[in-house]
Amino acid sequence: LLSADVVYSNTGAPFESDEDRTDLAAFTNQVVGSFSFTKTDRDGMDGNRLSGASFAIYRLTCSDSSHDHDSSLIDVANSETGAIDTEYEYADCWELTAVITSGSAGSVSFTNLPVSGEYRLAEIKAPDGYTIPTGQWRIAYDADEGAFAPLENAAVGKPVAIGTSDSGYYIV
């Protein structure tokens, strides 16, 4: 998906004298995609689809190679909002992008995700009668496939399975 936003404001122009000009326009183009999956019970797509599970997706904004982004679990402080615990060592490295709760068919869809960079998917609230997994998933855009997908060795901690079916991804 390619989307473009047209901005007709020159507020913040490099030269203050340009801010009032009406014959200038600034364009911002950003390639975005979506990542969708179905929340299921332990039987996967052959079992029940679960509603009421909340997921947060975070975008990695840090490029400091001395940080352990690949194996450090994001410490979520609030299971309603997905806010990151400010005491978490790498709190400034991640940006909360969205929180979505699975619907009646277990479906979850994160849309308008910029395709550059890495994301982390975390289940932050389990459906009634279930527990939150003790892990998270690394997600990125796969240019060859033209879609977001879990990275190779996507597990951080010990998350439950993420699988594929004819209907797309599912998370147990």
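Since we're looking at a predicted model, the values are computed, not measured. The written sequence of each chain sets the order in which its residues are numbered from 1. Note on the predicted model: pLDDT of at least 70 is required for a residue's local features to be given, and 80 or more for side-chain atom pairs to be given and counted; whole-chain, interface and lining totals, by contrast, use all residues. Water and hydrogen atoms play no part in the side-chain values, which are based on all heavy atoms of the structure.

### Points about the overall build of the protein
- Per the secondary structure count, the protein includes 0 helices and 10 strands.
- Think of it in three bands: with a 1.4 Å probe and only protein chains considered, a residue is buried below 20% of the maximum accessible area for its type, exposed above 50%, and partly exposed in between. Across the 172 residues that make up the protein, the buried fraction comes to 38%.
- Considering only intrachain contacts with a sequence separation of at least 6, the fraction spanning at least 24 residues in the protein is 59%.
- When the accessible surface of the protein is totalled, it reaches about 10,100 Å², and 44% of it is carbon and sulfur. Secondary structure elements are taken from DSSP: a helix is a run of H or I of four residues or more, a strand is a run of E of two residues or more, and numbering for both begins at the N terminus. Between two residues, a contact is recorded if the distance between any of their heavy atoms is within 4.5 Å. The protein chains shown are the only cover counted for residues, whose accessible areas, like all others here, come from Shrake-Rupley with a 1.4 Å probe.

### A word on the packing of aromatic side chains
- Centres within 6.5 Å are what make two rings of Phe, Tyr or Trp a pair, Trp counting through its six-membered ring; a difference in plane orientation under 30 degrees is then read as stacked, over 60 as edge-to-face, and the rest as tilted. Per the counting criterion, the structure on display carries 6 aromatic pairs.
- Ring geometry for Tyr88 against Tyr90: centres 6.0 Å apart, planes inclined by 90°, an arrangement best described as edge-to-face.
- The class for Tyr88 is buried, based on a relative accessible area of 9%.
- Pairing Tyr141 with Phe148 gives two aromatic rings, centres 5.4 Å apart and planes at 75°, and the pair type is edge-to-face.
- Classification of Phe148 by relative accessible area gives buried; the value is 2%.
- The rings of Phe35, Phe37, Phe55 and Tyr169 are connected pair by pair, giving a single aromatic cluster.

### A look at the side chain of Lys39
- Note on placement: Lys39 falls in strand β2 (residues 26-39).
- Each polar contact in these results corresponds to two N or O atoms within 3.5 Å; when the atoms are within protein, one needs to be able to donate a hydrogen and the other to accept it, and residues that are neighboring in sequence are counted only if both atoms are side-chain atoms. Of the polar contacts made by the side chain of Lys39, one reaches the side chain of Glu123; its length is 3.1 Å.
- When residues no more than four places from it in sequence are discounted, the contact partners of Lys39 are Asn48, Arg49, Leu50, Ala53, Phe55, Ser102, Gly106, Glu123, Ile171 and Val172.

### Some points on unusual backbone geometry
- Phi at Asn112 is positive, roughly 55°, even though this residue is not glycine.
- Turning to its location among the elements, Asn112 is positioned in strand β5 (residues 107-114).
- Of note in the backbone geometry, Asn153 takes a positive phi value of approximately 55° without being a glycine.
- By relative accessible area, Asn153 is classed as exposed at 63%.

### Examining the pairing of strand β3 (residues 54-60)
- β3 sits mainly inside the fold: 7 of its 7 residues count as buried.
- By the alternation rule, side chains of β3 split into Ser54, Ala56, Tyr58 and Leu60 and Phe55, Ile57 and Arg59, which are all buried.
- Should DSSP find at least two bridges between two strands, the strands are regarded as paired. Bridge count between β3 and strand β4 (residues 94-101): 7 bridges; the pairing is antiparallel. Bridge pairing in β4 places Tyr58 opposite Leu96.
- Two strands pair when backbone bridges link them, and β3 and strand β6 (residues 118-125) are joined in this way by 6 bridges, in the antiparallel orientation. Counterpart to Ser54 in the pairing with β6 is Lys125.

Such coordinate-based values are descriptive only and should not be taken to indicate function.
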